[in-house]
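# Architecture at a glance
What follows is the residue order along each chain.
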Amino acid sequence: MKYKIVNINETGERSVLIIYTGGTFGMIQDESGSLAPFNFGKVVERVPELRQLDIRLTVISFPTPLDSSNILIQDWKDMAYIIEENYEQYDAFVVLHGTDTMAYSASMLSYMLEGLNKPVIFTGAQMPIGSIRSDARENLITALEIASAHTDGIPIVSEVCVYFNYRLLRGSRSQKLRSSTFAAFESENYPVLAEAGIEIEFNYAALEPYNPNSELKVQNQLDPNVIILKIFPGITEHAVKAILSDPEVKGVVLESFGSGNIMKFDWFINCLKQAIEEGKIILNVSQCVGGEVEQGKYETSKGLNRIGVLSGGDITTEAAITKMMFLLGRETDKDRLKHQLTHSLAGEMDSVWE
Ligand code: ASP
C-alpha cells in the first residue's frame, strides 16, 4: 500500500502521527451533491492552527481516503501496521476516521495493539472541515492535545480512545448513537475518560494505568466468519436457521432483549443448541445500550446457560463482534477462546464469571 506522508510541524515537545483514513471530516461535495472524501493536503489548508501547536506533527494518509462504511479487515491491519512501524518514532497517534464505523475500528485496534502504552485517539467529525459550523477543527485539535498530554514524559492516556464533542471515551466502550447531532458517541457502560472545557479534565481513576514494561505486539490474525443475529418479536424460524446453519460461520453475536432475554420457543432454543453442537460460539449481548446481560435472571434467558450460550455481560455489539473476529483468528483452543470472550482483554467489559 502506498501511503502519502506529509510533515506539518517540525518543532514541538511531543510528536504525534496523524493517520488519515477518511470520513466526513475531510469530505467535499461531488458534482452530484454527495459527500466524498478528499486528500489531507486540503485539510491542512483549512486548519492552519495545526502549524502553531507545540507538537511535531506528521500525517500519513491512506492512498484513497475511505468513507468508513467501506472499512474492511485489511484496513484495520493497515492501521495497526502503521502504528507498529512508527511506534518508536512517535509519542502518540491520532486516527482520523469516519464516524459510522469508528466504534468498530477503535474496538478492534484496542485488541490488536496488545501491550500498547501510548495514546491512540480516534476522532472525526459530523460536518466536513470546509463547513463553517463544522466540529472537525475542535475534534482534531483537542484530540491532538490529549494525545500529547503527559506528566514528566509519561503519557496521561495509554490506550485506544475515541475523542468526540468534548469527551474522551474508551474506544472499546464507545458506540455511535446519533447521526445528526454533534454528540454522536456515548459510552453507556463506562465512565467518560476526559472532558474538554477550558481545561481538559482527565478522569484518572477510569484511565488504563500506564505500564512502563509493556511492549507493543500487534496481533493481526482476524477471522471474518462471524455474524450478528438481532432478534425481534416475530422473527421466523427459517430466517434464524438460514443464519445459524451457514457452515462458514464460526461465531455468532446474539443481540437479545433487555438483560439477555430471548423468546422461549423450542424451535429457537433448538436452533441455538444445534449451532453450538456444530461448533459455533454464541455470545449473548443486549440490544440495550446500557446495562448488561444476566443469563438466568428471567425465565426467558434461563435455558441459555444450559445449552452453552456465553454471556457478553456489558460489552457493546461493536466490541463483541470485533472481539469474536480477533479471538477466532488467533485462538485455536476452544476453552481458552470462551474464557477470553467472557473476560476483559482491553477494558471492553466487566469480566463475566459463570
Ligand atoms: N459516512 C461517514 C463515514 O463514516 C460519516 C462520518 O464520517 O461522519 O465515513
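Nothing here was measured: the structure is a model prediction, and the numbers come from that model.

Within the structure, the ligand sits among Gly23, Thr24, Asp67, Ser68, Gly98, Thr99, Asp100, Ala125 and Gln126. The contact in question runs from an oxygen atom of the ligand to an N or O atom on the side chain of Ser68, over 2.5 Å. Look at the ligand: alone it shows 270 Å² of surface, and the protein chains cover 91% of it. Here the shell around the ligand is built from residues that sort into one nonpolar, six polar and two charged.

The four strands lie next to each other as S18-S19-S20-S21, forming an open sheet whose pairing is parallel. Whereas interior strands pair on both sides, the edge strands pair on one side only; in this sheet they are strand S18 (226-230) and strand S21 (310-311). Against the sheet, helix H6 (residues 266-277) makes contact with S18, strand S19 (251-256) and strand S20 (281-286), and its axis sits at roughly 135° relative to S20, the strand it touches most. Sheet contacts for helix H9 (residues 334-341): S20 and S21; angle to S20, the most-contacted strand, approximately 5°.

This part covers the packing of helix H5 (residues 237-244) against H6. Where H5 contacts H6, the two axes come as close as 10 Å, and the packing angle between them is 5°. The angle between the axes of H5 and H6 places the two elements in the roughly parallel class. When H5 is examined against H6, the residues Glu237, Val240, Lys241 and Leu244 are found in contact with a partner set consisting of Trp267, Phe268, Cys271, Leu272 and Ala275. Of the residues contributing to the contact of H5 with H6, the split by class is seven nonpolar, no polar and two charged.

The next subject is the environment of Val240. On the secondary structure map, Val240 appears in helix H5. What makes Val240 buried here is its relative accessible area of 0%. Taking the C-alpha atoms as reference, Val240 lies 39 Å from Asn165; in sequence the two are 75 residues apart. With residues near it in sequence (within four places) discarded, Val240 still touches Leu229, Ile235, Trp267, Phe268 and Cys271.

With that settled, consider the sheet that holds strand S15 (residues 194-196). Strand pairing within a sheet occurs via backbone hydrogen bonds; the two strands may be parallel or antiparallel. The nine strands are arranged S1-S5-S2-S6-S8-S11-S12-S15-S16 in an open sheet whose pairing can be described as mixed. In this open sheet, the two edge strands, each paired with only one partner strand, are strand S1 (4-9) and strand S16 (200-202). Strand-to-strand twist of the sheet, defined as the mean angle between neighbouring strand axes without regard to direction, takes the value 20°. When strand S12 (residues 167-170) meets S15, the two strands line up antiparallel, connected through two bridges. Bridge assignment links Arg167 to a residue of S15, and that residue is Glu195. Here helix H2 (residues 73-85) sits on the sheet in contact with strand S2 (14-22), strand S5 (55-66), strand S6 (92-96) and strand S8 (120-123), set at roughly 160° to S5.

A word on the layout of surface pockets. Of the volumes computed, that of the largest pocket is approximately 440 Å³. Forming the walls of the largest pocket are 23 residues, and the residues nearest its centre are Ser110, Gly115, Glu208, Leu345 and Ala346. If you list the elements that add at least two residues to the lining of the largest pocket, you get helix H3 (102-112), strand S7 (113-114) and helix H8 (317-330). Looking at the lining of the largest pocket residue by residue, the classes come out as eight nonpolar, ten polar and five charged.

Rules behind the numbers
- Residues numbered from 1 in each chain as written.
- Predicted model: local features only at pLDDT ≥ 70, side-chain atom pairs only at ≥ 80, totals over all residues.
- Heavy atoms only, no water.
- Near = heavy atom within 4 Å.
- Polar contact = N/O pair within 3.5 Å; in protein donor to acceptor, adjacent residues only side chain to side chain.
- Areas by Shrake-Rupley, 256 points an atom, 1.4 Å probe, with all protein chains shown as cover.
- Nonpolar A, V, L, I, M, F, W, Y, C, P; charged D, E, K, R; others polar.
- Pairing = 2+ DSSP bridges.
- Helix = DSSP H or I, 4+ residues; strand = E, 2+ residues; numbered from the N terminus.
- Contact = heavy atoms within 4.5 Å.
- Axes fitted to C-alpha atoms, helices over the stretch in contact; angles between N-to-C directions.
- Parallel < 35°, antiparallel > 145°, perpendicular 65-115°, else oblique.
- Buried < 20%, exposed > 50% of the residue type's maximum accessible area, 1.4 Å probe, protein only.
- 1 Å grid on protein atoms, 1.4 Å probe; cavity = no way out; pocket = protein on both sides within 12 Å on 5 of 7 lines; lining within 4 Å.
- Points joined across faces, edges and corners; volume = space filled by probe spheres on them.

As far as function goes, none of this settles anything; it's purely spatial.
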